[in-house]
Amino acid sequence: MISLHGLTKVYPGGVCAVDELDLEIADGEFFALLGPSGCGKTTLLRTIAGLETPTSGTVGIGGADVTTTPPGRRDVAMVFQDYALFPHMDVTDNIAYPLRVKKTPKTERHAKAAATAARLSLSDMLTRRPGQLSGGQQQRVALARAIACHPKVFLFDEPLSNLDARLRLEARTFLKRLQRELAVTTVFVTHDQGEALALADRIAVMSGGRLMQVGTPTEIFQRPATPFVASFIGATPMNLLPGDVRGDVLHVAGAALPAPPGLTDGDHITYGVRPEYTDLSASPRDDAFPGTVAVMENLGTANLVTIEAGDTLIQAVVPEGDEPALGTAAWAVPRQARALVYTGDRLHAPIPA
Amino acid sequence: MSGAANRRRGPRERAGQSRLAALMLSPTLVVLALVVLYPLLSAVRESFYTSGETLDADGFVVEGERFAGLANYSGVLGERFVNALANTTLFTVATVSIEVVLGVLMALVMHRAFRGRGFLRASILIPWAVPTAVSGLMWRWIFQADGVANTIIGQQILWTTEGVQAKIAVIVADTWKTAPFVGLLVLAGLQIIAGEVYEAARVDGASAWQTFWRITLPLVRPALLVAVLFRMMDALRVFDLPYVLIGPRKHSVETLSALIWDEATRVHYGPASAYGTMLFLYIALIAFVFVKLLGADLLADVRTRRRVAS
């Protein structure tokens, strides 16, 4: 178990990368730190590794306070974004290096390296140097180096970001299965929301050094706690439209929608609905946003249609074959069961609550 | 031009291409032949001739160059040449090994990030920037009988005369002067090592010592080898420092270059050329052995990489 309490990291120069952060990560959990660049996710990971010393707060691993423990004695293994393989060592020596540091006898560590390499289908390249490997192979060697010494915690810093798109999907599936089999607590950093949703048991969305929301991929996707999380999660950004409460009706971008309970007359709200949960109607409806079709983007099996309603843009995903013509009038109908209402900067309630 | 068109080219076209390449390179080769090959060959030729006026067997004065066979090389077995060879080798081994240690230390210090790093880097390089003749005079002053060196160690040593102390003086001054050069090349090597590699070693639990021996040193090795090779060739032909610091024709610090210079100034061009040829062969042999022994796996690495790529 990893527990962080009141963790703060201020870099010399005054940049506050991590701000009063509390987080508990359970044993065996596959945990993602997700956020845009500069949100502090990598600093947080490096602080868990011990490569950064927190300005204040504590880091606990497996019940022990390791805040001041050097990285090598925390029993963690890290896979770096650029893999950080030792260019002058062959694959065997790279994988066996952590064991060598721990003074494991040569035959034992070489046997262990060979076994780990076999597991990651690297057996054919044990005598190669990192410079002679492809990106995907290097990534697997970096993983093997982390696995071979059986640490308590794996820390992955954007482990898939240097792979090309197709390989990344394969590596993702592979990584998830590997983590299941090894059942080692894993924290990984990513800026790719799709990767976080696909891999993690739980996700922490970060911004400006703070946690915006911690939850399972389903929770984060379906009930993002703030407009920031809502716009960050999802392959297409969520429609976030300003509106007003009048009586028990929400007036949003030309549509009149039933207001959820708990709102008072005159409140300003933000109405959120994903393009995937927005349908198009060719005829006028009261519960729809009117506008004209401005842009069409082909997504393969569907089209992303952008409707221009005055100054606001509303996006809807339309299945293939149902595309409207450019420039025609259209009404974007939110699926109200999937819509979210934000008051201030917090989630008021999904509708229905 | 597309790759397919390139591949379809016949052998005749390729031969044409290499002829063109030879044509383009020929001006360089001509210049090199004029300024490198010709002087070298003429020095070797000179080493087999003797010149100046002399009397022949009948007592007549003969002038001009005459073929002398290996006569000029007879001095190679003489005490003076052997002594110069020993001095040169001693200076090379001593200065280069001390410089490697000091240079690596300097590079490690210069590589760290701290306030005033730019100032420190500049000041470490000053000895390398000072002309040898000037630093030689400066050290001569330091090593005077009533100089700084004697004051510090509280002894009365005549450094700049003859004997072991003169050798030590030369080694100290040369090390002071050229360790920064090694430091600079090693620093360049250190700077291309990715920071993540050190962090990976830290997470693996490697101590500072282990990191230095197993990570830093192997990765900086190519740069270090280049520095050592340059320094070795430099040290093997050293002339100016012993000359200025101790003086010419001093037995205990006379190097091969100094010996050649001395012979040449006394119009003994034949022996000077013979010794020059020997020095050239000596340096070439050491450079060859060095590259063979230490540079071997470096080249092997490049070769395997090429094999994989093709």
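Residues numbered from 1 in each chain as written. Chains lettered and ligands numbered in written order. Predicted model: local features only at pLDDT ≥ 70, side-chain atom pairs only at ≥ 80, totals over all residues. Heavy atoms only, no water.

1. Focus: the overall build of chain B
For chain B, the helix and strand inventory stands at 13 helices and 4 strands. Its C-alpha atoms give chain B a radius of gyration of 26 Å, clearly above 19 Å, the size a compact globule of 310 residues would have. Along the longest, intermediate and shortest principal axes, the C-alpha atoms of chain B span 80 × 75 × 30 Å. For chain B, buried positions account for 36% of its 310 residues. (Helix = DSSP H or I, 4+ residues; strand = E, 2+ residues; numbered from the N terminus. Rg over C-alpha atoms; globule rule 2.2 N^0.38 Å. Buried < 20%, exposed > 50% of the residue type's maximum accessible area, 1.4 Å probe, protein only.)

2. With respect to the pairing of strand β14 (residues 268-273) of chain A
Sheet topology note: the strand β11 (residues 239-246) of chain A/β14 of chain A ladder contains 6 bridges and is antiparallel. The residue of β14 of chain A that forms the bridge with Asn239 of chain A is Val273 of chain A. (Pairing = 2+ DSSP bridges.)

3. Some words on the interface of chain B and chain A
When the parts of a complex come together, some accessible area is lost, and that lost area is often taken as the interface size. If you look at the interface, chain B gives 19 residues, while chain A gives 28 residues. Across the chain B/chain A interface, buried area totals approximately 2000 Å², and carbon plus sulfur atoms make up 58% of it. For chain B, the biggest contributors to the area lost against chain A are Glu196, Val203 and Asp204 of chain B; these three give 32% of the whole. At the boundary of chain B and chain A, one finds 1 salt bridge. With a shortest N-O distance of 2.6 Å, Arg46 of chain A and Glu199 of chain B are connected by a salt bridge. Those elements that place two or more of their residues in the side of chain B that touches chain A are α8 (195-204), α9 (208-236) and α13 (296-309) of chain B. If you tally residues by element for the side of chain B that touches chain A, the top one is α8 of chain B, at 8 residues. Its residues assigned to classes, the side of chain B that touches chain A comprises 9 nonpolar, 3 polar and 7 charged. (Contact = heavy atoms within 4.5 Å. Buried area = accessible area lost by both parts, 1.4 Å probe. Salt bridge = Lys/Arg side-chain N within 4 Å of Asp/Glu carboxyl O. Nonpolar A, V, L, I, M, F, W, Y, C, P; charged D, E, K, R; others polar.)

4. Considering the side chain of Asn72 of chain B
Residue and element names in this part refer to chain B. With respect to the secondary-structure elements, Asn72 resides in the loop between β4 (66-67) and α3 (79-111). On the accessibility criterion, Asn72 (8% relative accessible area) is buried. Engagement of the side chain of Asn72 in a polar contact is seen with the backbone oxygen of Tyr49, the distance being 2.8 Å. When residues no more than four places from it in sequence are discounted, the contact partners of Asn72 are Glu46, Ser47, Phe48, Tyr49, Gly270, Pro271, Ala274 and Tyr275. (Polar contact = N/O pair within 3.5 Å; in protein donor to acceptor, adjacent residues only side chain to side chain.)

5. Observations concerning the domain arrangement of chain A
Residues and elements named next belong to chain A. We note that the domain assignment places domain 1 (2-226) and domain 2 (239-350) within chain A. With centres defined by C-alpha atoms, the gap from domain 1 to domain 2 works out at 39 Å. With 6 residues of domain 1 at the contact, the number on the domain 2 side is 9 residues. When domain 1 packs against domain 2, close to 730 Å² is buried across both sides, 49% of that on carbon and sulfur atoms. By the criterion of area lost to domain 2, the three top residues of domain 1 are Phe221, Arg223 and Thr226, representing 54% of everything that side buries. Inspection of the domain 1/domain 2 interface yields 0 salt bridges. Viewed at the interface, domain 2 and domain 1 are joined by 3 residue pairs in polar contact (both at pLDDT 80 or more). When grouped by side-chain class, the residues that make up the side of domain 1 that touches domain 2 number 3 nonpolar, 2 polar and 1 charged. (Domains from an automatic or database assignment.)

6. Structural notes on the packing of aromatic side chains
One pass over the full model with this rule turns up 19 aromatic pairs over all chains. Between the aromatic rings of Phe81 of chain B and Tyr275 of chain B, the centroid separation amounts to 5.1 Å while the plane-to-plane angle is 40°, which identifies the pairing as tilted. With Phe81 of chain B in helix α3 and Tyr275 of chain B in helix α12 (residues 269-294), the pair connects residues that are 194 residues apart, well separated along the chain. By the burial criterion, Phe81 of chain B is buried, and Tyr275 of chain B matches it. Members of the aromatic cluster, connected to one another through ring pairs, are Trp139, Phe143, Trp159 and Trp176 of chain B. Between the NZ or CZ atom of Arg274 of chain A and the centre of the ring of Phe221 of chain A, over which it lies, the distance is 4.1 Å. It is Arg45 of chain B that lies over the ring of Tyr49 of chain B; its NZ or CZ is 4.2 Å from the centre. (Phe/Tyr/Trp six-rings, centres within 6.5 Å; stacked < 30°, edge-to-face > 60°. Lys NZ or Arg CZ within 6 Å of the ring centre and 35° of its normal.)

7. Looking at the sheet that holds strand β2 (residues 16-25) of chain A
Strand pairing in a sheet relies on backbone hydrogen bonds, with the paired strands running either antiparallel or parallel. Residues and elements named next belong to chain A. As summarised here, the arrangement of the 4 strands in space is β2-β1-β4-β5, forming an open sheet in which the pairing is antiparallel. Sheet topology places β2 and β5 (64-65) at the edges, where each strand pairs with a single neighbour. Across 2 bridges, strand β4 (residues 56-61) lies against β5 in antiparallel orientation. Along β5, the bridge assignment pairs Ile61 with Ala64. In the packing of helix α1 (residues 41-49) onto the sheet, contacts are made with β1 (2-10), β2 and β4, and the angle to β1 comes to roughly 120°. (Axes fitted to C-alpha atoms, helices over the stretch in contact; angles between N-to-C directions.)

8. Re empty space enclosed by the protein
Across all of its chains, the model carries 4 cavities of 30 Å³ or more by this definition. If you add up the space inside the largest cavity, you get close to 50 Å³. As for the largest cavity, its lining consists of Ala77, Met78, Phe80, Ala142, Arg145 and Ala146 of chain A together with Ala200, Val203 and Asp204 of chain B. Taken together, the elements giving at least two residues each to the lining of the largest cavity come down to β6 (76-79) and α4 (135-148) of chain A together with α8 of chain B. (1 Å grid on protein atoms, 1.4 Å probe; cavity = no way out; pocket = protein on both sides within 12 Å on 5 of 7 lines; lining within 4 Å. Points joined across faces, edges and corners; volume = space filled by probe spheres on them.)

9. A word on the pattern of salt bridges
In total, this model carries 18 salt bridges over all chains according to the counting rule given. As a salt-bridge pair, Glu181 of chain A and Arg119 of chain A come within 2.9 Å of each other at their nearest N and O atoms. With a gap of 62 residues between them, Glu181 of chain A in helix α5 (residues 165-182) and Arg119 of chain A in helix α3 (residues 106-119) connect regions that are remote in the sequence. Classification of Arg119 of chain A as partly exposed rests on a relative accessible area of 41%. A salt bridge links Arg80 of chain B to Glu254 of chain B, with the nearest nitrogen and oxygen atoms 2.7 Å apart. Here the residue Arg80 of chain B occupies a position in helix α3, and Glu254 of chain B occupies one in the loop between α10 (240-245) and α11 (256-265), the gap between them amounting to 174 residues. Residue classification places Arg80 of chain B among the partly exposed residues on the basis of a relative accessible area of 26%. For Glu254 of chain B, a relative accessible area of 5% puts it in the buried group. Connected through shared salt-bridge partners, Arg80, Arg249, Glu254, Asp262 and Arg266 of chain B make up one network.

10. Concerning the domain arrangement of chain B
Residues and elements named next belong to chain B. Looking at chain B, the domain boundaries give domain 1 (2-46) and domain 2 (73-309). Between the C-alpha centres of domain 1 and domain 2 the distance comes to 35 Å. In this complex, domain 1 contributes 4 residues to the contact, which on the side of domain 2 involves 5 residues. Taken over both partners, the interface formed by domain 1 and domain 2 buries close to 340 Å², and the fraction arising from carbon and sulfur atoms is 64%. If you sort the residues of domain 1 by the area they bury against domain 2, Leu40, Val44 and Glu46 come out on top, with a joint share of 84%. Connecting domain 1 to domain 2 are 0 salt bridges. Remark: the boundary between domain 1 and domain 2 carries 0 residue pairs in polar contact (both at pLDDT 80 or more). In terms of residue class, the side of domain 1 that touches domain 2 is made up of 3 nonpolar, no polar and 1 charged.

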